[in-house]
Structure formats: C-alpha cells, structure tokens
Amino acid sequence: MESNESKILQGLNPAQRDAVVNFDSPSLIIAGAGSGKTRVLTFRIAHMLGDLGVKPWQVLAITFTNKAAAEMRERLGAILPDGTRGMWVCTFHAMCVRMLREDAEAIGYTSNFTIYDDDDSNRMVKSIMSDLRIDQKQFPIRAVRSKISSAKNAMQSAAELESSQNPADRVAGRVYRALDVRLAKANAMDFDDLLLKALELLSKHPDVLEKYQDRFQHISVDEYQDTNHVQYEIANLLAAKYQNLMVVGDDDQSIYSWRGADITNILDFEKDFKNCKTVKLEQNYRSTGHILSAANAVVRHNSQRKDKRLFTAEGDGEKIQ
C-alpha cells in the first residue's frame, strides 16, 4: 500500500518534486510560464501539513492577487479537507491589514483605522493641492499621486522628494508631507501605507516581529518578480529567524515595474540567502514545441534574466504564424 507521502508527491515531475521537498534551506523557484508553479506551491504546503506534521497556523502563503489566494485555498482544501484551518493564504496587503489591526497601537493608530480607497485618496490629495495653491492643470492630480505612490513603494520619504532637482517631484513631496499628516489625524491609511506601516511595525517593534516569526515558520511568496522594495523587506524580516522561505517567480514575466516592482528582488535572492537552493521549472504543460522555441528565442534577449529554456513533452504542434 502506498504511503500518504507518495500520494501527495506522485504526479510531480523531478524538478517540481525537488522544489516541493526542500526544507533544509531557503528556496528560489524559477518557474517558466505554464510549468506548474501553483501546483508546486500548493503541494509543498500539502506535503508539510500532510506528511511532515507542520501545523496550518505555522504556514504563511503570500500570493499576488485575491483570486490566486482563493484558488490556492480551494486546491489545498481538496487535498487536505480538514487540514488548513488557521493558515494565512493572502496577498501582501491583506496580510499587512491583519497585522496592523492587531498591533496598530504600537505605531500610533487605533485598531479600527480606516483604509482609504482610490476615491478617498483622490479627494484628499485634491483638497491638499487646493490648500497649497498648487495649479492642478500644471501638476495633474493623477501624476502627483503616482509620484507619491512610487516614492512610498521605494521607501522614499517626503523630504527626499522635496529635495529633488525636478519641480514636479518637489510639488509631489509637499503634497506627500501634508497627506501623511492628514491621514494620521484621520486615523487612516491609504493602500501604499498598509505596506509601509506594517514594515514600520515589524522593524521598530522586535516583540511584534518575533511573534510573527515564531508563528510563521514556513513562508512562501508567489510572483516574487513583481514584489516592490517594501514587500521585499517585509518578507525578509519575517523569514530572518527560521530562514524557511520559498519564493516562486519568473524574471521573464516581470511586467509591473511601472507599479514599483523591482526585478532585482528575484535576481539577487541568491545573494541575500547565501545557502539558498535554486530549482528551475522548465517543463511547460501549456504549449507545443514550436511555440516554445519561438518564445525562448524572444526572451533570450531580455537584459536581466536567469538562463532557462522551456521545453514540452507535447511534440512540436502546428507551426506558428
């Protein structure tokens, strides 16, 4: 009779299995398009819980979208019907909200702080610009807000923007400074603040950080190529004690640089975690050989990438046009 372990691990190809069973060091999984990365993430958690006796509440799985989080919870529920209660499977923002609700007082907020959506933020910035007599034709609100958001995601302060040579940056810096004051007074945070304030909480309050480090002894981060600087810092802080961090991503699929994503996070992972194990998922289950040959030829010219070559067992298929 087959063991439970072989049930969870069977059906994985050698590289996928290699990624799933590594718990001796941090893991970098370079997952090409269509190579089964969600399967690897899901089965690794299932293997931890079903075979290795890890408790669900010791697992933190960070996904890029709410949809991806829901899909992972559904897949895990199908493999382990009783076994996922207490596990956090969520986006960075959702995780930060939960942490902040629990410990907001430590950084000067109350736990029932308000989260400003896009419209709320727009209204507040518009009001600030009127009060500061900033010409909204010369400096459109959308452009000012975009500069403030980029600065927050890169961990730049209002003062840094204000000291820029660029007049548009200096204007955004003035608005940023006033925005911070008004948000704090209103016991409110905007979307970018959720990440920044959570980082502040974890980096300035060692007791809070240790509580989460001891709880989340197994951390995985999906779409790591799309993380920004704040998300990168949060993940590294949480994983610092036990080093059991697995990040999954594809440097060839980094498309969010306009939103603050920093591809060096994935390219430098092996420098940050010297003893890390790197696994490449190169077998594609979605496309035929001719499509993959063309794709490989195109992405080979990307300037910042780790070398990999997608292949398939599906044959060459029709020629592409």
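Remember, predicted model here, so these are calculated numbers, not experimental data. (Residues numbered from 1 in each chain as written. Predicted model: local features only at pLDDT ≥ 70, side-chain atom pairs only at ≥ 80, totals over all residues. Heavy atoms only, no water.)

Quick look at the pairing of strand 3 (residues 88-91)
Okay, step 1: Examined bridge by bridge, strand 2 (residues 59-63) and strand 3 share four bridges and lie parallel to one another. Bridge pairing in strand 3 places Ala61 opposite Val89.
Okay, step 2: Handedness of the strand 2-helix 4 (residues 66-79)-strand 3 crossover: right-handed. (Pairing = 2+ DSSP bridges. Helix = DSSP H or I, 4+ residues; strand = E, 2+ residues; numbered from the N terminus. Right-handed = clockwise from strand over helix to strand, strands pointing away.)

Regarding the pattern of salt bridges
Okay, step 1: Throughout the structure, instances matching the rule amount to 16 salt bridges.
Okay, step 2: Among the ionic pairs, Asp190 bridges to Lys152, the shortest N-O distance being 2.9 Å. Note that Asp190 is positioned in the loop between strand 5 (188-189) and helix 10 (191-204) and Lys152 in helix 7 (residues 141-153), a separation of 38 residues in sequence. This pair shows no difference in class: Asp190 is buried, exactly as Lys152 is. (Salt bridge = Lys/Arg side-chain N within 4 Å of Asp/Glu carboxyl O. Buried < 20%, exposed > 50% of the residue type's maximum accessible area, 1.4 Å probe, protein only.)

Considerations on unusual backbone geometry
Okay, step 1: With phi around 50°, Glu223 is a residue other than glycine that occupies positive phi space.
Okay, step 2: With respect to the secondary-structure elements, Glu223 resides in the loop between strand 6 (218-221) and helix 12 (229-239).
Okay, step 3: With a relative accessible area of 21%, Glu223 lands in the partly exposed category.
Okay, step 4: Phi is positive for Gln243, which is not a glycine, with a value near 60°.
Okay, step 5: Examined against the element boundaries, Gln243 turns out to sit in the loop between helix 12 and strand 7 (245-249).
Okay, step 6: Taking the relative accessible area as the measure of exposure, Gln243 reaches 29% and is therefore partly exposed.

Geometric values such as these leave the question of function open.
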